[in-house]
Amino acid sequence: MKKKVFSGIQPTGNIHIGNYLGAIKNWVDSQPDFDNIFCVVDLHAITVKQDPKILKEKITETAGLLLACGIDAEKSTLFVQSRIPAHSELAWILNCFTPMGWMEKMTQFKEKSHKAKIGLPAGRENSSVGLFDYPALMAADILLYGTEAVPVGEDQKQHVELARDIAKRFNSIYGETFVLPEAVIRKTGNRIMGLQNPGKKMSKSENGEGNVINLLDSPDKINSKISKAATDSGKEIVFDKGRPGIYNLLTIYEMFSGLEKKNIEKKFGGKGYAEFKKDLAELVIQKLTPIQERYKKMASEPGKIDEILKQGAEKVRPLAEKKLAEVKSKIGLG
């Protein structure tokens, strides 16, 4: 039996190479080895204000890009979170077994509340309850399918640990019900940093178009962004964490090329930043072009992406409903 894996991605902003190298590429590569469930988590997206028209478009675009990157609907399951009501229903039940103290320790709420926009000024007092409660919904996503492994970045590890704690608490009261999930963190590339601000993770929510390379960026845009990317006053092109700008660019090169660090350093030994950046841009364009072509072809076929999402939802719905029924029976509902 293959291990069951659950992974989700929000349909907000533009998917960029940080998402691809830090998560999506690993999802694609792991398909032969795991029983994968991939989810476009649109319920998580509405914890902050969204334009309804744009959100609908982004749900389809996000799913289309996952497929274009190599998620195979024959090998993995891909669906939209809100189409399976069991996610919301289990989240409410888990809320009733989750101490407030656990939720108040979640660091991402503290960070996100300063940026949250729900029609009010940003800040904790004006953040939505949904943003605060985000980890309970994430726990429901994970626990609903008997998930054993959750591939996440370092910044999401705390959420998986909370899901484990909630599962342990529920199991201790009602007997074995939930599988305890493990966070799986990739050692290389799980934190691709911003091009202009290499001190912060490349993010869909951060301002600054030049800080990210989006999967659908044109070759001209990619060339321009990489040429303007932050480096430092040094000259040697080496993997030195004390020089975050060049270290980040080299990490991107390493992830896209598959070459070992020592071979990359040898390749660019004695060369300048301009030549390295030119080669990096060419490599990124070369790797993204097939993804862009597959996406454009798929997007040109009306209804194709939605049909795949519909089939995915039909596949997971019985699993979700079975687990939810078990939970409700144990706590005396229904």
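Residues numbered from 1 in each chain as written. Predicted model: local features only at pLDDT ≥ 70, side-chain atom pairs only at ≥ 80, totals over all residues. Heavy atoms only, no water.

Student: Sorry, what's going on with the side chain of N211 here?
Tutor: For N211, the location among the structural elements is in the loop between β5 (182-184) and α9 (219-227). At 2.8 Å, the side chain of N211 forms a polar contact with the backbone nitrogen of Q196. Setting aside chain neighbours within four positions, we find N211 in contact with G194, L195, Q196, N197 and M202. (Helix = DSSP H or I, 4+ residues; strand = E, 2+ residues; numbered from the N terminus. Polar contact = N/O pair within 3.5 Å; in protein donor to acceptor, adjacent residues only side chain to side chain. Contact = heavy atoms within 4.5 Å.)

Student: It is not clear to me how the environment of I37 should be interpreted in this structure. Could you clarify?
Tutor: Looking at the secondary structure, you find I37 in strand β2 (residues 34-40). For I37, a relative accessible area of 3% puts it in the buried group. Placed 39 residues apart in sequence, I37 and S76 show a C-alpha to C-alpha distance of 6.0 Å. Not counting residues within four places of it along the chain, the set of residues in contact with I37 comprises K4, V5, F6, S7, T77, F79, Y145 and V316. (Buried < 20%, exposed > 50% of the residue type's maximum accessible area, 1.4 Å probe, protein only.)

Student: Where do I start with helix α12 (residues 273-299) in this structure?
Tutor: Count 3.6 residues to each turn of an α-helix, and residues three or four apart come out pointing the same way. Across its 27 residues, α12 extends 37 Å between first and last C-alpha, which sits within 8% of the 39 Å expected from 1.5 Å per residue. Of all the bends in α12, the greatest reaches close to 30° and is centred on L288; the proline P290 follows between one and four positions later. (Expected span 1.5 Å × (residues − 1). Bend = angle between axes of the 7 residues up to and from the residue.)

Student: Would you mind going over α9 with me for this structure?
Tutor: Those residues of α9 that sit buried are I222, K225 and I226. Considered in projection along α9, the buried side chains sweep an arc of 95° and stay on one side of the axis. Turning to α9, the residues buried within the fold contact α12. (Arc of directions from axis to C-beta.)

Student: It is not clear to me how the nonpolar core should be interpreted in this structure. Could you clarify?
Tutor: The nonpolar side chains of a soluble globular protein tend to be buried with one another. Of all hydrophobic cores here, the largest spans 56 residues; its most connected members are I24, I252, F256, F276, V284 and L288. Within the residue set of this core, elements represented by two or more residues are α1 (17-29), β2, α3 (52-69), β3 (77-80), α9, α10 (244-257), α12 and α13 (304-331). For this core, the element with the most residues is α12, which contributes 11 residues. Excluding residues that lie within four positions of it along the chain, I252 makes contacts with I17, L21, I192, L195, L280 and V284. Formed by 41 residues, the second largest nonpolar core is a distinct cluster that contains F79, L94, F109 and A163. (Core = buried A, V, L, I, M, F, W, Y, C linked by side-chain atoms within 4.5 Å.)

Student: For this particular structure, what's the right way to read the pattern of salt bridges?
Tutor: Working definition: two side chains of opposite charge can pair if their charged atoms are close together. Enumeration according to the criterion identifies 17 salt bridges in this entry. Between E301 and K304 there is a salt bridge, with its nearest N and O atoms 3.8 Å apart. Here E301 falls in the partly exposed class, since its relative accessible area comes to 29%. The partner of E326 in a salt bridge is K330, and the shortest N-O contact between them spans 3.4 Å. Within this pair, E326 and its partner K330 are both found in helix α13, separated by four residues, close to a single helical turn. By relative accessible area, K330 is classed as partly exposed at 28%. One network of salt bridges, in which partners are shared, links K297, E301 and K304. (Salt bridge = Lys/Arg side-chain N within 4 Å of Asp/Glu carboxyl O.)

Student: Mind showing me how you'd approach the pairing of strand β1 (residues 3-9) here?
Tutor: For a regular strand, side chains alternate in direction, first toward one face of the sheet and then toward the other. Where burial is concerned, most of β1 is hidden: five out of the seven residues are buried. With seven bridges joining them, β1 and β2 adopt parallel strand pairing. Residue pairing in the sheet places K4 in a bridge with D35 of β2. (Pairing = 2+ DSSP bridges.)

Student: For this particular structure, what's the right way to read the environment of S7?
Tutor: With respect to the helices and strands, S7 occurs in strand β1. For the pair S7 and T107, spaced 100 residues apart in sequence, the C-alpha separation works out to 20 Å. With residues up to four places along the chain from it excluded, the contact list for S7 reads W27, I37, F38, C39 and P151. Separated by 3.3 Å, the side chains of S7 and W27 make a polar contact.

Student: Looking at this model, I keep getting lost on the packing of α9 against α12. Mind explaining?
Tutor: Any two packed helices are characterised by the angle at which their axes cross and by the distance between the axes. Two elements in contact, α9 and α12, have axes whose closest approach is 9 Å; the angle formed by their N-to-C orientations is 145°. Crossing of α9 against α12: the hand is right-handed. Every residue of α12 that contacts α9 at P219, I222, N223, I226 and S227 is listed here: K277, L280, A281, V284, I285 and L288. Per-class residue counts for the contact of α9 with α12 are eight nonpolar, two polar and one charged. (Axes fitted to C-alpha atoms, helices over the stretch in contact; angles between N-to-C directions. Left-handed = near helix turned anticlockwise from the far one by under 90°. Nonpolar A, V, L, I, M, F, W, Y, C, P; charged D, E, K, R; others polar.)

Student: Help me out: how do you make sense of the packing of aromatic side chains in this one?
Tutor: The geometry of an aromatic ring pair comes down to the distance between the two centres and the angle between the two planes. One pass over the structure, following the stated rule, counts 12 aromatic pairs. Aromatic pair F268 and F276: ring centres 4.9 Å apart, planes at 85°, arrangement edge-to-face. Using a relative accessible area of 1% as the deciding quantity, one classes F268 as buried. Judged by its relative accessible area of 0%, F276 is buried. Ring pairing ties together the aromatic residues F97, F170, Y174 and F178, which thus form one cluster. Looking at K261, its charged tip hangs above the ring of F239, at a distance of 5.3 Å from the centre. (Phe/Tyr/Trp six-rings, centres within 6.5 Å; stacked < 30°, edge-to-face > 60°. Lys NZ or Arg CZ within 6 Å of the ring centre and 35° of its normal.)

Coordinates in, geometry out; function isn't part of it.
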